[in-house]
Amino acid sequence: MSVDKELDDGDINNKQYFEVKDPQIHIIDGTLATDNVSPKNRKPATRLYKKRWLIVFLFSSYSLCNSYQWIQYGIINNIFMKFYGVDSFTIDWMSMIYMLTYIPFIFPVTWLLDKKGLRIIALIATAMNCIGTWIKVASARPDLFAVTFLGQFMSSFAQVFILGMPSRIASVWFSSEEVSTACSIGVFGNQLGIAIGFLVPPILVPNVEDMNELAHHIRIMFYITAGVATLLFVLVVIVFQEQPEIPPTQSQATARSIPPEEYSYVASIKRLLCNKPFMLLVITYGLNVGCFYAVSTLLNRMIIEYYPGEEVNAGRIGLTIVIAGMVGSLICGIWLDRTKTYKQTTLAVYLMSFIGMIVFTFTLDLGHLWVVFITSGALGFFMTGYLPLGFEFAVELTYPESEGTSSGLLNCSAQVFGIIFIICQGKIIDSFGIQAGNIFLCAFLLIGTIMTGVIKSDLRRQRANTLAKEEEHRNGNVQSSDILTEARL
């Protein structure tokens, strides 16, 4: 076997062209060709394009813009209550609408993803997000709460087209050594948006008594968001690409070789629902992320209860939770790419989330904000850092099923538990206090930790890639596609 590294595309890494001993037989795009092939037309079985980084960072940017809006009402809950003349539970629904919208729409959206691909999903997501932000611009009046709720609904609808995409983009564009890192970058944007949502609204919208001045500040915040959302929509129209011309991995090459008529979305859902390790992960993921949603949504109430007048610091504490989680996400992604210890890492991070929640619960009322900053940072590092772990572990457990479908089920579970936890914890706080509400979340994190420990680590994607590489070494890459097909079956 000889290797020809002369390629026309200077924008390509992983440059390999395999030619077997028979000069009439070549491998082109992962398939056999028996005619003479000129050097100019030779293509490798797999390639990595530098544009993959542009795609994942663009996705991360519009995910940021959308997730920022999720918490922008809740973090200044008391100010929006005063401005629109509604109660606290109504403002909580400005966060919960993101979760409620996701549940009925995720299955049609994942079907659309499988049928139409990433570019169509990206265009719809950014268009809906842009429309939602401009509707909010028109709602900055005390008598227009229904309009601002409509704008938030449109943004929440856009989120359905965003939340489960990191693992799909990572698989379609990145090598097997980069998928966990790429997925972490995709999740990173969502987390950074939440972090900005904690930090910016308390600064842009101070707690002033004059309603005209308050409306002015709210309008400025909405205009900034709308401008960013519009710019990102234009960039997606111009830049965002469906997939690379040549797949980055052998597992992706095999996935592309499956004829569309042989793929059944309903059958895929049924297989996932019968996959016991995956269904355990669906529940445990929902418990962990649902707790994070509850803490984020109700954080303003927790801080104001013990530290009156500290709206800005409540936002900074939320920022600390998410920034620490972003660091945790990237570290966990790099760790997974190097070690492939999916279950062990997931279990360790879940256990530390439980311990972090206990520490946060019993130090919140000590009267020292610096203590709250430290404990919230530790909690965020593990609880938010868990997000990409769940996505990547799910892809391993469910290969070769669509990454969008498995991620969609994970997120659907998170939204259901998020709504339940926010409502229940809010009622517990009203009746028994902040500490009792947080203990309620600790109990479910303990249950999730135990359930994670019994998940069987069946790493199907890793096994498929390993089989392909072994066969490539034995047979000069001639039969690797057949081996991957056998692994899939």
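Treat the numbers as computed from the prediction; the structure is a model and nothing was measured.

The rules behind these values
Residues numbered from 1 in each chain as written. Predicted model: local features only at pLDDT ≥ 70, side-chain atom pairs only at ≥ 80, totals over all residues. Heavy atoms only, no water. Helix = DSSP H or I, 4+ residues; strand = E, 2+ residues; numbered from the N terminus. Buried < 20%, exposed > 50% of the residue type's maximum accessible area, 1.4 Å probe, protein only. Contact = heavy atoms within 4.5 Å. Areas by Shrake-Rupley, 256 points an atom, 1.4 Å probe, with all protein chains shown as cover. Phe/Tyr/Trp six-rings, centres within 6.5 Å; stacked < 30°, edge-to-face > 60°. Lys NZ or Arg CZ within 6 Å of the ring centre and 35° of its normal. Salt bridge = Lys/Arg side-chain N within 4 Å of Asp/Glu carboxyl O. Core = buried A, V, L, I, M, F, W, Y, C linked by side-chain atoms within 4.5 Å. Expected span 1.5 Å × (residues − 1). Patch = residues over 30% accessible without salt bridge, like charges linked within 9 Å, V, L, I, M, F, W, Y side chains within 5 Å. Axes fitted to C-alpha atoms, helices over the stretch in contact; angles between N-to-C directions. Parallel < 35°, antiparallel > 145°, perpendicular 65-115°, else oblique. Left-handed = near helix turned anticlockwise from the far one by under 90°. pLDDT = per-residue confidence, 0-100.

Caption draft 1: Layout of the overall build of the protein chain. Along the backbone of the protein chain there are 19 helices and 6 strands. Looking at the 489 residues of the protein chain, the share that counts as buried comes to 57%. The long-range share in the protein chain, meaning contacts at least 24 apart out of those at least 6 apart in sequence, stands at 81%. Entry remark: accessible area of the protein chain is about 19,100 Å², with carbon and sulfur atoms responsible for 65%.

Caption draft 2: Spotlight on the packing of aromatic side chains. Here the structure, examined in full by the defined rule, presents 23 aromatic pairs. The rings of Tyr-73, Phe-80, Phe-83, Tyr-84, Phe-145, Phe-149 and Phe-222 are connected pair by pair, giving a single aromatic cluster. Seen from the ring of Phe-89, Lys-427 lies directly overhead, with NZ or CZ sitting 5.1 Å from the centre.

Caption draft 3: Representation of the side chain of Ser-139. Inspection of the secondary structure puts Ser-139 in the loop between α4 (118–137) and α5 (145–160). Sequence-distant contacts of Ser-139, defined by excluding residues within four places in its chain, comprise Tyr-84, Leu-144, Val-147, Thr-148 and Phe-222.

Caption draft 4: Region of the structure containing the pattern of salt bridges. This structure, assessed with the given rule, holds 4 salt bridges. The shortest N-O distance in the salt bridge between Lys-82 and Glu-209 comes to 3.7 Å. You can see Lys-82 sitting in helix α2 (residues 77–84) and its partner Glu-209 sitting in the loop between α7 (179–204) and α8 (211–239), a full 127 residues away along the chain. Overall, the relative accessible area of 25% leaves Lys-82 in the partly exposed class.

Caption draft 5: Local environment of the nonpolar core. If you look at the biggest cluster of nonpolar residues, it comprises 127 residues, and the most contacted ones within it are Tyr-62, Ile-169, Phe-240 and Met-357. For this core, the element with the most residues is helix α11 (residues 276–306), which contributes 15 residues. When residues no more than four places from it in sequence are discounted, the contact partners of Ile-169 are Ile-55, Val-56, Phe-59, Leu-118, Phe-174 and Phe-240.

Caption draft 6: Broad picture of helix α12 (residues 311–339). For α12, spanning 29 residues, the distance from its first C-alpha to its last is 42 Å, which sits close to the expected 42 Å at 1.5 Å a residue. Positive phi shows up at Lys-340, right after α12, with a value of about 60°.

Caption draft 7: How the structure looks around helix α17 (residues 434–453). An ideal rise of 1.5 Å per residue puts 28 Å on 20 residues; α17 measures up with 30 Å between its terminal C-alpha atoms. Of the surrounding elements, those touching the buried residues of α17 are α11, α13 (342–363), α14 (369–383) and α16 (403–432).

Caption draft 8: Summary view of a nonpolar patch on the surface. Together, Leu-351, Met-352, Ile-355 and Val-359 line one region of the surface with nonpolar side chains, adding up to about 290 Å² of accessible area. The residue Val-359 is located in helix α13 in this model.

Caption draft 9: Examining the packing of α2 against helix α3 (residues 88–116) more closely. At a minimum axis distance of 9 Å, the contact between α2 and α3 shows a crossing angle of 115°. Taken together, the axes of α2 and α3 are roughly perpendicular relative to one another. Between α2 and α3 the crossing geometry is right-handed. Contacts from Asn-77, Phe-80 and Met-81 of α2 reach α3 at Ser-88, Ile-91 and Asp-92.

Caption draft 10: Spatial organisation of the environment of Leu-58. Within the secondary structure layout, Leu-58 lies in helix α1 (residues 51–71). Sequence spacing of Leu-58 and Phe-240 is 182 residues, and the spatial spacing of their C-alpha atoms is 7.8 Å. Every residue in contact with Leu-58, bar those within four places of it in the chain, is listed here: Leu-232, Leu-235, Val-236, Val-239 and Phe-240.

Caption draft 11: Expanded view of the confidence of the model for the protein chain. This prediction gives the protein chain a mean pLDDT of 80; 84% of its residues lie at or above 70. The model gives residues 483–489 a pLDDT under 50, and that stretch makes 15 contacts with residues more than four places away or in other chains.

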